[in-house]
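Listed here are the chains, written in short residue letters.
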Amino acid sequence: MDLSLSEEQQLLKDQVERFAREAYAFETRRRVLRSEAGFEPAHWKQFAELGWLGVAFAEADGGLGGGPVETGIIMEAFGRGLVLEPFLPNVVLGGGALALAGDDAQKKALLPDLIAGKTKLALAYAERQSRYDLADCLTQAAADGGGFVVSGHKAVVYGGNLADHFVVVARTKGNQRAKTGLSLFLVPRTAKGLTVRGYRTVDGLGAADLALDKVRVEKSAVLGPLDGGLALLERVVDHGIAAICSEAVGAMAVLTDMTVQYSKTRKQFGRPIGGFQVLQHRMVDMTIAVEEARSMALYGTLHLDERNAKTRKRALSATKVQIGRSARLVGQEAVQIHGGMGMTDELAVGHYFKRLTMIDVAFGNADWHQRRFADLS
Amino acid sequence: MHLNLTRSQRAFQARVRKFVDENHPPEIRAKVESGLKLGRAETIAWQKKLHAAGLYAPAWPKQWGGPALKPIERYVLDRELALNSTPALVPFGVTMVGPVIYTFGSQAQKDRFLPRILNSDDWWCQGYSEPGSGSDLASLKTRAVREGDHYVVNGQKTWTTLAQYADWIFCLVRTDPAAKQQEGITFLLIDMKTPGVTVRPIVTMDGGAEINDVFLDNVKVPVENRVGEENQGWTYAKFLLVNERFGTAQVGRSQRQMLRLKQIAQSEIVGGRKLEEDENFRLKLAKTEIELLALEYTELRYLAQLDAGKQPGAEANILKIRGTQMQQNLSELLMEAVGYYANPSLPKALEHGWNEEPIGPAYAASLAPAYFNWRKSSIYGGSNEIQRNILSKFVLGL
């Protein structure tokens with residue numbers, strides 16, 4: 001058992017945290033938020049140049065040979081700065097699916113460009129009716145000649161507003177919620193019959209709903225096993241869970257610190273409100289919530305390479321529950337202790353709160369994962 | 001970074017398992033599993049076996065006769081011992097006063113007390129709280145007046161756990177009433193056989209008699225039994241509390257209680273089904289189990305920091321708060337699990353040698369008393385509110 005960072009990992013951590021602190025000051029973020037694209041291309045280029053987009057990929061795929069720990073380091077720092085650039089959809093979800101299941105041709109076609117920051121990916125799995133159930137899929141892919149014809153609707157595709165290519169989950173067999181019969185397809189944004197409706201999310205990030213109307217793809221577009229896509233999807237989503245949990249830890253740590261600092265300067269009844277025990281104990285509870293979230297983010301991250309899928313899924317569910325509960329407490333208390341100022345758009349508090357709230361929703365909220373944990377126990 | 005035990009950690013785990021297999025009698029295991037009380041002799045016998053195997057006083061440096069186990073090994077040891085339902089160790093000597101003596105004590109004190117602590121020859125108890133000094137510990141009034149080569153001690157200590165078995169008590173006493181509260185306190189080691197020491201049991205609501213009042217009436221204590229400097233006792237007292245709080249998380253014990261809860265949930269029936277299949281129970285269990293994982297991994301992170309040479313501080317307070325909440329939570333779930341059979345009061349069923357027919361399932365008898373008893377854990381060792389005050393002041397700077 002070893003819970004310490006290697007020297008390289010520590011360097012990466014220092015580097016990304018410096019970026020979040022210096023290059024991603026709140027005013028910078030505000031400017032990026034107001035921009036048309038909702039992200040800063042110069043930042044993306046910088047991520048590519050610094051190797052951050054490739055650090056978690058195998059060297060054979062053009063990456064730096066890191067893994068979940070490196071992704072967690074980057075995501076935690078991005079959480080500290082509430083970074084808007086779509087690292088999660090590209091590197092962890094779209095890129096992650098490709099890295100886990102792509103054949104040589106598929107990887108060569110997309111991964112080098114992804115790592116170089118030249119092309120963007122997104123993972124389209126959820127649907128209107130599916131809620132958090134990854135097996136629930138109405139989008140159909142019917143065999144047609146040598147290829148498939150895909151039709152259906154995909155909901156809230158993270159980073160879908162910017163993606164050049166989609167990994168689309170569709171049903172090739174079985175009924176709506178069958179655990180077998182899912183397949184993943186690589187679909188270019190330019191595909192005929194694909195309509196991308198991009199939008200901003202309440203936390204300032206971007207997403208899209210997709211309408212697929214008889215989109216034709218070749219057999220070579222199938223990513224991973226035909227009809228056996230669920231296990232792959234679950235694995236990719238578990239990587240996503242670990243990543244956003246690290247992001248949440250960074251966001252919660254900053255938000256708690258911000259709240260403590262504010263309580264030292266804000267005076268009421270002639271003294272700093274941080275002097276009131278009723279608030280002190282609540283800020284201690286926020287601190288404990290962050291500490292436990294940090295422990296569980298680590299726990300989840302270090303279970304991603306677990307070979308037994310059941311053990312892995314159970315661990316990631318535990319992580320997601322903890323992060324959801326911690327984030328709810330930290331976010332709500334931060335707003336409350338900031339008082340009226342906490343309600344404003346002007347302060348960073350609300351922005352952190354919104355992101356933390358959407359992190360609970362992402363990939364299944366705490367209630368959902370508590371049930372999945374129980375089912376897997 | 002990885003969670004797998006290294007080869008040497010696995011070897012250590014195997015060593016502990018082998019030790020437990022060879023040394024832990026089934027009847028003691030059965031007693032601990034069912035929450036029955038162990039006597040002084042049973043506890044001491046177990047501590048002596050651990051010591052003989054180099055598994056007692058795990059954190060003690062080699063210089064003082066300890067095995068100086070690394071933090072992760074200590075975690076492995078604690079877990080294996082707890083999961084195998086071995087007797088709880090008495091912390092007052094080995095975890096509390098021992099490290100104070102080897103850190104701050106005189107050579108004569110080290111030579112005299114440390115080997116006897118290691119060998120469980122002396123049973124220690126803790127003289128901190130007083131009737132008027134609970135959370136506000138530094139307000140303590142037990143007075144020690146220097147007379148030649150002795151201190152004469154007068155006062156009362158309370159909530160003294162297992163004082164009825166103790167050979168020695170370590171006491172915080174006031175030596176300078178004029179100084180600021182924290183600056184007039186001295187740390188004394190007092191032989192319980194000294195004339196003027198009286199122990200009176202306090203019966204708790206679960207019917208137990210673990211805790212006591214200790215009256216000190218003109219008790220003569222040789223100056224050589226003072227630890228460190230006069231009036232510096234608060235420093236040593238705080239050092240001890242940090243160690244105490246680190247230990248109170250008792251993650252291994254909670255893991256065992258979790259297993260016990262799951263076993264009971266296989267036997268209990270609700271709505272015609274096993275309790276373990278009941279949706280409400282399943283979700284509560286999952287919630288608790290996840291909280292326990294968070295506690296375990298928080299402790300592991302802190303142990304890794306200790307391993308890297310960092311001194312424990314805030315971590316101990318966090319572990320104390322969450323560890324005790326977990327103990328209470330589990331004791332509550334266990335009691336709830338048996339439904340009506342939480343009711344029968346059978347104090348004798350918890351004693352050694354009781355072999356009448358149980359009322360209801362045999363596992364039920366100890367659960368309500370345990371629930372009542374565990375309310376203590378958020379009160380002792382500095383109440384959880386005091387822990388929050390400390391965190392607020394020293395970590396958040398409020």
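Worth saying up front: this structure is predicted, and the values here are computed from it rather than measured.

Concerning the overall build of chain B
Item 1. Counting its regular elements, chain B contains 12 helices and 10 strands.
Item 2. In terms of overall dimensions, chain B is globule-like: its C-alpha atoms have a radius of gyration of 22 Å, near the 21 Å expected for 398 residues.
Item 3. Considering only C-alpha atoms, chain B reaches an extent of 75 × 50 × 50 Å along its principal axes.
Item 4. Every one of the 398 residues in chain B was classed for burial, and the buried ones make up 51%.
Item 5. Long-range pairs, those at least 24 residues apart, make up 73% of the contacts in chain B between residues at least 6 apart in sequence.
Item 6. Distance between charge centroids for chain B: 4 Å, based on 48 positive and 44 negative side chains.

Overview of the nonpolar core
Item 1. By size, the foremost hydrophobic cluster in this structure holds 208 residues, and its most contacted members are F363(A), F170(B), F187(B) and L189(B).
Item 2. Other than its neighbours up to four places away in sequence, F170(B) contacts F92(B), M96(B), V97(B), W124(B), C125(B), Q126(B), G127(B), Y128(B), F187(B), L188(B), L189(B) and L240(B).
Item 3. Residues F185(A), V187(A), L210(A) and V222(A) belong to the second largest nonpolar core, which totals 21 residues.

Overview of the packing of aromatic side chains
Item 1. For the coordinates displayed, the defined rule picks out 28 aromatic pairs over all chains.
Item 2. When the ring of F113(B) is compared with that of W124(B), the centres are 5.5 Å apart and the planes differ by 70 degrees; the resulting orientation is edge-to-face. With a gap of 11 residues between them, F113(B) in helix 6 (residues 107-118) and W124(B) in strand 1 (residues 124-127) connect regions that are remote in the sequence.
Item 3. For W124(B), a relative accessible area of 2% puts it in the buried group.
Item 4. By way of ring pairs, the aromatic residues F19(A), Y24(A), F39(A), W44(A), F47(A), W52(A), F78(A) and F87(A) are connected into one cluster.
Item 5. The positively charged end of R146(B) is found above the aromatic ring belonging to Y151(B), 5.7 Å away from the centroid.
Item 6. Sitting over the ring of W374(B), K376(B) keeps its end group 5.1 Å from the ring centre.

Thoughts on the domain arrangement of chain B
All names here are of chain B.
Item 1. Partitioning chain B into domains gives domain 1 (7-89), domain 2 (124-231) and domain 3 (250-396).
Item 2. A C-alpha centroid distance of 31 Å is found between domain 2 and domain 3.
Item 3. In this complex, domain 2 contributes 4 residues to the contact, which on the side of domain 3 involves 6 residues.
Item 4. Of the roughly 470 Å² buried between domain 2 and domain 3 on both sides combined, carbon and sulfur atoms contribute 54%.
Item 5. Together, S135, M205 and D206 form the three largest contributors to the area buried by domain 2 at its contact with domain 3, with a combined 81%.
Item 6. Between domain 2 and domain 3 we count 1 salt bridge in total.
Item 7. Here E210 makes a salt bridge to K376, at a shortest N to O gap of 3.2 Å.
Item 8. Here domain 2 is connected to domain 3 by 2 residue pairs in polar contact (both at pLDDT 80 or more).
Item 9. Counted by class, the side of domain 2 that touches domain 3 contains 1 nonpolar, 1 polar and 2 charged residues.

Comments concerning the interface of chain B and chain A
Item 1. In this assembly, 35 residues from chain B lie in contact with 37 residues from chain A.
Item 2. Both sides of the chain B and chain A interface together cover about 3500 Å² of buried area, and 66% of this is carbon and sulfur.
Item 3. Our count for the contact surface shared by chain B and chain A stands at 6 salt bridges.
Item 4. Of the charged contacts, one joins E279(B) and R371(A) as a salt bridge, the two residues approaching to 2.1 Å between their closest N and O atoms.
Item 5. For the pair chain B and chain A, the interface holds 16 residue pairs in polar contact (both at pLDDT 80 or more).
Item 6. Elements supplying a minimum of two residues to the side of chain B that touches chain A: helix 9 (279-307), helix 10 (314-337) and helix 12 (384-394) of chain B.

Looking at helix 1 (residues 7-23) of chain A
Residues and elements named next belong to chain A.
Item 1. Compared with the 24 Å implied by 1.5 Å per residue over 17 residues, the 23 Å span of helix 1 between its first and last C-alpha is a close match.
Item 2. Taken as a whole, helix 1 has its buried residues at Q9, L12, K13, V16, E17, F19 and A20. Along the axis of helix 1, the buried positions cluster into a sector of 150 degrees, meaning they face one direction only. The outward face of helix 1, more than 90 degrees from its buried face, is lined by the exposed residues E7, L11, R21 and E22.
Item 3. Buried residues belonging to helix 1 abut helix 3 (41-49) and helix 4 (68-81).

A word on the pairing of strand 2 (residues 140-144) of chain A
Residues and elements named next belong to chain A.
Item 1. With 5 bridges joining them, strand 2 and strand 3 (residues 147-158) adopt antiparallel strand pairing. Directly across from Q140, in strand 3, lies its bridge partner S151.
Item 2. What sits between the antiparallel neighbours strand 2 and strand 3 is a turn of 2 residues, in which G145 has the positive phi angle 60 degrees.

Looking at the pattern of salt bridges
All names here are of chain A.
Item 1. All told, the structure shown has 41 salt bridges over all chains when counted by the stated rule.
Item 2. With a closest N to O distance of 3.4 Å, R30 and E27 form a salt bridge. Here the residue R30 and the residue E27 both occupy positions in helix 2 (residues 26-34), the gap between them amounting to 3 residues, near one helical turn.
Item 3. Classification of R30 by relative accessible area gives buried; the value is 15%.
Item 4. For D360, the salt bridge is made with R328, and the minimal N-O distance between the two is 3.0 Å.

Some thoughts on the pairing of strand 7 (residues 211-222) of chain B
Residue and element names in this part refer to chain B.
Item 1. Two strands pair when backbone bridges link them, and strand 3 (residues 150-157) and strand 7 are joined in this way by 7 bridges, in the antiparallel orientation. Counted as the bridge partner of H150 is P222 from strand 7.
Item 2. In this sheet, strand 7 lies alongside strand 6 (residues 197-202) in antiparallel orientation, the contact comprising 6 bridges. Each bridged residue has a counterpart across the sheet, and for V199 the counterpart in strand 7 is V214.

Quick look at the domain arrangement of chain A
All names here are of chain A.
Item 1. Along its sequence, chain A is organised into domain 1 (7-119), domain 2 (122-228) and domain 3 (230-375).
Item 2. Taken together, the 17 residues of domain 2 in the interface contact 16 residues of domain 3.
Item 3. Between domain 2 and domain 3, roughly 1600 Å² of surface is buried when both sides are summed, and carbon and sulfur atoms account for 75% of that area.
Item 4. Contact with domain 3 buries area across many residues of domain 2, yet Y132, L134 and D203 alone supply 40% of it, more than any other trio.

Digging into helix 10 (residues 348-361) of chain A
Residues and elements named next belong to chain A.
Item 1. Between the first and last C-alpha of helix 10 there are 21 Å, a value that for 14 residues agrees with the 20 Å anticipated at 1.5 Å per step.
Item 2. Along its buried surface, helix 10 packs onto helix 2, helix 4, helix 7 (229-265), helix 9 (309-338) and helix 11 (366-376).
Item 3. In the segment just after helix 10, F363 is the residue with positive phi, at about 60 degrees.

Here is what the cut-offs are and how they apply
Here the residue index of a chain counts from 1 through its sequence in written order. By the order in which they are written, chains take letters starting at A while ligands take numbers starting at 1. Only residues with pLDDT of at least 70 get local features here, since the model is predicted, and only at 80 or more are side-chain atom pairs given and counted; chain-wide, interface and lining totals rely on the full set of residues. Each side-chain value is worked out from all heavy atoms of the structure, with water and hydrogens disregarded. Each helix is a run of DSSP H or I of at least 4 residues and each strand a run of E of at least 2, with the numbering of both proceeding from the N terminus. Every radius of gyration here is taken over C-alpha atoms, with the globule rule written as 2.2 Å times N^0.38, N being the number of residues. Accessible area is worked out with a 1.4 Å probe on protein chains only. A residue is then buried under 20% of its type maximum, exposed over 50%, and partly exposed in between. It only takes one pair of heavy atoms within 4.5 Å for two residues to be counted as in contact. When charges are counted, Lys and Arg contribute as positive and Asp and Glu as negative, whereas His and the chain ends are disregarded. One atom stands in for each charge, and that atom is NZ of Lys, CZ of Arg, CG of Asp or CD of Glu. Buried Ala, Val, Leu, Ile, Met, Phe, Trp, Tyr and Cys residues that are joined via side-chain atoms within 4.5 Å together make up what is termed a nonpolar core. Stacked, tilted and edge-to-face are the three classes assigned to paired rings of Phe, Tyr and Trp, where Trp is represented by its six-membered ring and a pair needs centres within 6.5 Å; plane angles under 30 degrees give stacked, over 60 edge-to-face, the rest tilted. Any Lys NZ or Arg CZ that is within 6 Å of a ring centre and within 35 degrees of that ring's normal is treated as a charge sitting over the ring. What counts as a domain boundary in this text is fixed by an automatic or database domain assignment. Buried area: the accessible area, evaluated with a 1.4 Å probe, that two parts lose upon being put together, summed over both parts. Salt bridges are counted wherever a side-chain nitrogen of Lys or Arg sits within 4 Å of a carboxyl oxygen of Asp or Glu. Here a polar contact is taken to be a pair of N or O atoms separated by no more than 3.5 Å, where protein atoms must pair a possible hydrogen donor with a possible acceptor and residues adjacent in sequence count only if both atoms sit in side chains. Residue polarity is assigned by list, with Asp, Glu, Lys and Arg as charged and Ala, Val, Leu, Ile, Met, Phe, Trp, Tyr, Cys and Pro as nonpolar; anything else, Gly included, falls into the polar class. What a helix should span is 1.5 Å times the count of its residues minus one. Directions pointing from the helix axis toward each C-beta atom define the arc. One bridge is not enough; two strands pair if DSSP finds at least two bridges between them.

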